[in-house]
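Observations on the three-dimensional arrangement
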Amino acid sequence: MEIKKGIAVSPGIAIAKALVIDAEDYRIPRRSILASAKVGEVKKVREAFRKAVAELEKTDSQSLAESKIKDIFAVHLRFLRDRSLRKKITDLVYNDLLTAEYAVSTTLRDIANHFASVQDAYISERAADIYDIEKRLLKHLLGKKREDAEHISYEVVVIAHELSPTQTASFDRSFIKGFATDAGGRTSHTAIVARSLGIPAVVGLENVTSNVNPAAMVIIDGNRGVVVIDPDAATLKQYEEYAIEFVRLEHELDSLRDLDAITRDGVEIKLLGNIEFPSEAEMIIDKGGHGIGLYRTEFLYLNSETEPTEKDHYDAYSQVVKTLGNMPVIIRTMDLGADKYTQSRRFVREPNPFLGLRSIRFCLQNLMMFKTQLRAILRASVLGDLRIMFPLVSSLHELRQAKMILRDVMEDLDEDSIAYNADVPIGIMIETPSAALTANILATESDFFSIGTNDLIQYTLAVDRGNERVSTLYSGADPAVLQLLRSVIHDASKARISVSLCGEMASEPEYVMMLLGLGFRTFSLATPMIPEIKKLVRSVTIESCNALARKVLGMNSEREVTNYIRNAAIKVLPEVF
Ligand code: PEP
Ligand code: MG
């Protein structure tokens, strides 16, 4: 038995056999062969090409409905039939005496890297095709399909070096009971997806992939951040009991569904939910939420090989708005880039992606995509209380540009006589120190603010939110973060616009009293966490929260603040900790 401690990111207990999966950029080691083996090895390359071509021809002839996918397969076929490509690979095997799989992998990755570095979106996006061809050839060469989580049909816990938000979003909940990764942080998008889907998860374990043998029994404790490999009988029994207790507590919390989120001294708090997929909208109502404070629409792009059409967008937004009835639905325009990328852009590398072409910057450089989405949002705006929010705005200029594009789209709709709400509220996320420090200026042209602390903390403290090596430095209790939160609340209330908090801080019980004391009255959080936070809200008085906030604002270290707020929260609600 081995016990490993990581970062707890999604609550619950999972006990199942391990499925250890490869990272997407799994590297084939450079291995030599004997000169006597080279003819046989070249044959293996030719055979892999032959099988890959036959496979694609077969798929192509099976009358693919989706013409875009047909086009993609046609491109793959052209590459696979290219004699010069095949010769390059067989030369590496024959002349340099390298294995067939290494020759295939290194040659195709060289080509992919070259494509990805070209400053032309069409060409750089072709890198993804080359990686797909590499995968296909390797599958034939290695003789077995590499294990992947997509096609699993029995219960497992996934063990991986790293999982992308896209991979996590595609997990089938009925078979994938939990996951553990070497990399990652508490507010990484992979962690956020796990929480939304209710999959117990522990990240930041550093070397769990090398500790777990395939098919070993593994326990994932997403409450305590613990992973147990090959548990003994007593440990297994103890965790089975924990799992039962966790489910019992969840049921108990669900009984709060129809009660108000109101403090003991009568102050009403709004608890909205964050969603990534339209299917989650129903859960907000089940959990007693008051609307959607953050719809991460970029997830529409992540799982799809092709770009969503205006209809795809419209169908998703109208489904969500209709489900919520007259409750507010804040649709955040696509926050692509950094760790969330479209399938076609997944190999377009940037040296510092979190400081690169992400969020609103990406939209302003990809106007066609942006306008398609805005048009669909505006069309859905007549169906309910829909509001629009722009992510990662870092200057007034950027906000003005985004609003100008929105006005253009409104004019297009006018020309086509299509209805929309011309007074749709337009808000922004405060996620960068520049936005927080100029909130008084941004407030003059925004209808509301929502503070995205996941990014605000990362950019204020210069700590990557997804990097386990610096995860202990990432904290919402840092005095620098508290100063910014206080200042944004001050500027928003002076400008008489609403301000909410939609980062993961809102779903962490230890922060809630401090945030109430700082003046927040609206939170948007991971939907499964709404009952727990409601219970906490109903257990405190605003007076005590104000006193707590005054106290921590006078502290000068993160550790002092953390200890103080945690002790205060434990006193109020010991069973949650
Ligand atoms: C945030 O940054 O706090 C936020 C809510 O947005 P995301 O987590 O999607 O970056
Ligand atoms: Mg963000």
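Bear in mind the structure is a predicted one, so any value in this text is a computation, not a measurement.

1. Side note on the coordination of the magnesium ion (ligand 2)
Bound to the magnesium ion (ligand 2) are the protein donor atoms Glu-431 (OE) and Asp-455 (OD), situated 2.0 Å from the metal. A residue pair is termed long-range when its members are at least 10 positions apart, and Glu-431 in the loop between β13 (426-430) and α17 (433-437) and Asp-455 in helix α19 (residues 453-461) qualify at 24 residues.

2. Digging into the sheet that holds strand β3 (residues 13-21)
Pairing in this open sheet of eight strands is mixed, and the strands run β1-β8-β7-β3-β4-β5-β6-β2 from one edge to the other. Single-partner strands in this sheet number two, and they are β1 (2-5) and β2 (7-10). The average undirected angle you get between the axes of adjacent strands in this sheet is 30°. Relative to strand β8 (residues 226-229), strand β7 (residues 217-221) runs antiparallel, the two being bridged by four bridges. Bridge pairing links Ile-220 to Val-227 in β8. Contacting β2, β5 (176-181) and β6 (201-203), helix α8 (residues 189-197) runs over the sheet at an angle of about 50° to β2. Against the sheet, helix α10 (residues 233-254) touches β3, β7 and β8, its axis set at about 115° to β3.

3. Notes on the pairing of β13
Among the five residues in β13, five count as buried, and that is most of the element. With burial as the criterion, each face of β13 is covered, one bearing Ile-426, Ile-428 and Ile-430 and the other bearing Gly-427 and Met-429. Of the pairings in the sheet, the one linking strand β12 (residues 385-390) to β13 comprises three bridges and is parallel in character. Across the sheet, Phe-390 pairs through a bridge with Ile-428, a residue of β13. Chirality of the crossover, the property in question, places the unit of β12, helix α16 (residues 396-415) and β13 among those that are right-handed. Pairing between β13 and strand β14 (residues 448-451): four bridges, direction parallel. Considered in β14, the bridge of Met-429 is made with Ser-450.

4. Overview of the nonpolar core
Counting 104 residues, the largest nonpolar core has Phe-390, Phe-449, Leu-485, Met-514, Leu-515, Phe-520 and Phe-523 as its most contacted members. The biggest single contributor to this core is α16, with eight residues. Setting aside chain neighbours within four positions, we find Leu-515 in contact with Leu-485, Leu-501, Met-505, Ala-506, Phe-520 and Phe-523. Counting 34 residues, the second largest nonpolar core, distinct from the first, contains Val-45, Ala-48, Ala-103 and Ile-130.

5. Concerning the packing of aromatic side chains
Under the definition given, this model contains seven aromatic pairs. Plain terms: the ring middles of Tyr-295 and Tyr-317 are 5.8 Å apart, the flat faces sit at 85° to each other, and that makes the pair edge-to-face. Remark: Tyr-317 occurs in helix α13 (residues 310-324) and Tyr-295 occurs in strand β10 (residues 292-296); sequence separation between them is 22 residues. Here Tyr-295 and Tyr-317 have matching classes, each one buried. Look at Phe-370 and Phe-390: their rings are 6.2 Å apart centre to centre, the planes differ by 65°, and that puts the pair in the edge-to-face class. Placement of the pair is Phe-370 in helix α15 (residues 367-380) and Phe-390 in strand β12, with a sequence separation of 20 residues. Residue Phe-370 is classed as buried on the basis of its relative accessible area of 0%. Residue classification places Phe-390 among the buried residues on the basis of a relative accessible area of 0%. If you follow Lys-38 out to its NZ or CZ, it ends over the ring of Tyr-94, 4.2 Å from the centre.

6. Brief notes about the packing of α10 against helix α22 (residues 530-537)
With their axes 9 Å apart at the nearest point, α10 and α22 run at an angle of 65° to one another. When the axes of α10 and α22 are compared, the crossing they make is left-handed. For the pair α10 and α22, contact is made by Glu-252, Leu-253 and Asp-254 and by Pro-531, Glu-532 and Lys-535, respectively. Among the residues forming the contact of α10 with α22, the class breakdown is two nonpolar, no polar and four charged.

7. Looking at the domain arrangement of the protein chain
When cut into domains, the protein chain gives domain 1 (2-23 + 151-249), domain 2 (35-148) and domain 3 (267-529). Placing the centre of domain 1 and that of domain 3 at their C-alpha centroids yields a distance of 28 Å. The interface is formed by 22 residues belonging to domain 1 together with 26 residues belonging to domain 3. Applying the counting criterion to the domain 1 and domain 3 interface returns two salt bridges. Glu-508 is the partner of Arg-186 in a salt bridge, and the nearest nitrogen-oxygen pair spans 2.7 Å. Counting across the domain 1 and domain 3 interface gives 11 residue pairs in polar contact (both at pLDDT 80 or more).

8. Side note on a negative patch on the surface
A cluster of acidic residues, Glu-411, Asp-412, Asp-414 and Glu-415, forms a negative patch on the protein surface. With respect to the helices and strands, the residue Glu-411 is situated in helix α16.

9. Remarks on unusual backbone geometry
Here Leu-97, not a glycine, exhibits a phi torsion of approximately 55°, which is positive. Considering the arrangement of structural elements, one finds Leu-97 in the loop between α3 (83-96) and α4 (100-116). Taking the relative accessible area as the measure of exposure, Leu-97 reaches 23% and is therefore partly exposed. Its identity as a non-glycine residue notwithstanding, Arg-496 has a phi of 60°, on the positive side. You can see Arg-496 is positioned in the loop between α20 (479-494) and β15 (498-501).

10. With respect to the site of ligand 1
Around ligand 1, a shell composed of 17 residues is seen, among which Arg-296, Arg-332, Glu-431, Asn-454 and Arg-465 lie nearest. Contacts to ligand 1 include Glu-431, whose side-chain N or O atom sits 2.8 Å from an oxygen atom. The backbone of Gly-452 places a nitrogen or oxygen atom 3.3 Å from an oxygen atom of ligand 1. When the free accessible area of ligand 1 is taken as 280 Å², the share hidden by the protein chains comes to 100%. Where the shell around ligand 1 is concerned, the elements lending two or more residues are α8, β10 and α19. Tallying contributions element by element places α19 first for the shell around ligand 1, with three residues. Split by residue class, the shell around ligand 1 holds four nonpolar, five polar and eight charged.

Calculation rules
Residues numbered from 1 in each chain as written. Chains lettered and ligands numbered in written order. Predicted model: local features only at pLDDT ≥ 70, side-chain atom pairs only at ≥ 80, totals over all residues. Heavy atoms only, no water. Donors = N, O, S within 2.8 Å, 3.2 Å for Na, K, Ca; no water. Helix = DSSP H or I, 4+ residues; strand = E, 2+ residues; numbered from the N terminus. Pairing = 2+ DSSP bridges. Axes fitted to C-alpha atoms, helices over the stretch in contact; angles between N-to-C directions. Contact = heavy atoms within 4.5 Å. Buried < 20%, exposed > 50% of the residue type's maximum accessible area, 1.4 Å probe, protein only. Right-handed = clockwise from strand over helix to strand, strands pointing away. Core = buried A, V, L, I, M, F, W, Y, C linked by side-chain atoms within 4.5 Å. Phe/Tyr/Trp six-rings, centres within 6.5 Å; stacked < 30°, edge-to-face > 60°. Lys NZ or Arg CZ within 6 Å of the ring centre and 35° of its normal. Left-handed = near helix turned anticlockwise from the far one by under 90°. Nonpolar A, V, L, I, M, F, W, Y, C, P; charged D, E, K, R; others polar. Domains from an automatic or database assignment. Salt bridge = Lys/Arg side-chain N within 4 Å of Asp/Glu carboxyl O. Polar contact = N/O pair within 3.5 Å; in protein donor to acceptor, adjacent residues only side chain to side chain. Patch = residues over 30% accessible without salt bridge, like charges linked within 9 Å, V, L, I, M, F, W, Y side chains within 5 Å. Areas by Shrake-Rupley, 256 points an atom, 1.4 Å probe, with all protein chains shown as cover. Lys, Arg positive; Asp, Glu negative; His and termini not counted. Charge placed at Lys NZ, Arg CZ, Asp CG, Glu CD. Near = heavy atom within 4 Å.

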